[in-house]
Amino acid sequence: MGLEEKLPSGILLTSVEKLAGYARKSSVWPATFGLACCAIELMATGGPRHDLARFGMERASNTPRQADLMIVAGRVSQKMAPVLRQIYDQMSEPKWVISMGVCASSGGMFNNYAIVQGVDHIVPVDIYLPGCPPRPEMLLDAIVKLHDKIQNMKLGANRERQITELEQARLRRLPLLPHLRAEAEQ
């Protein structure tokens, strides 16, 4: 017998953290950065068949100051890299990045001097979406996973502690040199 059963109907119990997480996940506005063939699939995701609007993301922002999600779709050239970083820096906090397609994630088949071998060399990436090009359904799945990540994100001092714990866990998984492993375990 919990507290929920003693309250009258219509009373909602939650924490501020959960309420803020729900509000933030339901109001993600993307700044699309379509650079190649993946951009066609990105545009198809906004169409009536896949309907990106059911996630509250129908407003694709043309200005980075009103966006909090960057979807990098396609290969990033060396000339485009500073522009991508500038747009990322102009986005408001908190901000997230989805790397859409194998070219954005790792350079794809373009292993040459003109293409950046992974957009994570320029901006931090939250979700990697494989495929050449990835289907709209895959992008919707990545968005749902990002929504889950946003909703479960901690606030304030708890957030800093959560970030530190995640970084330590990632370092423990990497095959590090012995002296680096000792630093990661401390």
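Because the structure is predicted, anything quoted here is derived from the model rather than measured.

Draft legend 1. Representation of the packing of helix 2 (residues 16-25) against helix 6 (residues 136-151) within the structure. Contact pair helix 2 / helix 6: the axes reach a minimum separation of 8 Å and the direction vectors enclose 150 degrees. Relative to helix 6, the element helix 2 lies roughly antiparallel. Crossing of helix 2 over helix 6 shows right-handed handedness. Counting all contacts with helix 2, which are made through Gly21, Tyr22, Arg24 and Lys25, the residues of helix 6 involved are His147, Ile150 and Gln151. Taken together, the residues of the contact of helix 2 with helix 6 sort by class into 2 nonpolar, 3 polar and 2 charged.

Draft legend 2. Quick look at the packing of aromatic side chains. Evaluated as defined, the whole model comprises 0 aromatic pairs. Cation over ring: Arg75 sits above Phe110, and NZ or CZ is 4.9 Å from the ring centre. Geometry around Tyr88 places Lys95 over its ring, the cationic atom sitting 4.3 Å from the centre.

Draft legend 3. Geometry of the side chain of Ser105. Along the chain, Ser105 falls in helix 5 (residues 102-106). A distance of 3.0 Å separates the side chain of Ser105 from the backbone oxygen of Gly101, its partner in a polar contact. If we skip the residues at most four places from it in the chain, Ser105 touches Ser99, Gly118, Val119, Asp120, Tyr128 and Leu129.

Draft legend 4. View of the pairing of strand 2 (residues 69-73). Of all 5 residues in strand 2, 5 are buried, a share of seventy percent or more. Alternating positions in strand 2 separate into two faces, Leu69, Ile71 and Ala73 on one and Met70 and Val72 on the other, with burial throughout. Where strand 2 lies against strand 3 (residues 96-100), 5 bridges are found, and the strand directions are parallel. Paired with Ile71 across the strands is Ile98, a residue of strand 3. Read as a crossover between parallel neighbours, the route from strand 2 over helix 4 (residues 81-90) to strand 3 is right-handed.

Scoring rules and cut-offs
- Residues numbered from 1 in each chain as written.
- Predicted model: local features only at pLDDT ≥ 70, side-chain atom pairs only at ≥ 80, totals over all residues.
- Heavy atoms only, no water.
- Axes fitted to C-alpha atoms, helices over the stretch in contact; angles between N-to-C directions.
- Helix = DSSP H or I, 4+ residues; strand = E, 2+ residues; numbered from the N terminus.
- Parallel < 35°, antiparallel > 145°, perpendicular 65-115°, else oblique.
- Left-handed = near helix turned anticlockwise from the far one by under 90°.
- Contact = heavy atoms within 4.5 Å.
- Nonpolar A, V, L, I, M, F, W, Y, C, P; charged D, E, K, R; others polar.
- Phe/Tyr/Trp six-rings, centres within 6.5 Å; stacked < 30°, edge-to-face > 60°.
- Lys NZ or Arg CZ within 6 Å of the ring centre and 35° of its normal.
- Polar contact = N/O pair within 3.5 Å; in protein donor to acceptor, adjacent residues only side chain to side chain.
- Buried < 20%, exposed > 50% of the residue type's maximum accessible area, 1.4 Å probe, protein only.
- Pairing = 2+ DSSP bridges.
- Right-handed = clockwise from strand over helix to strand, strands pointing away.

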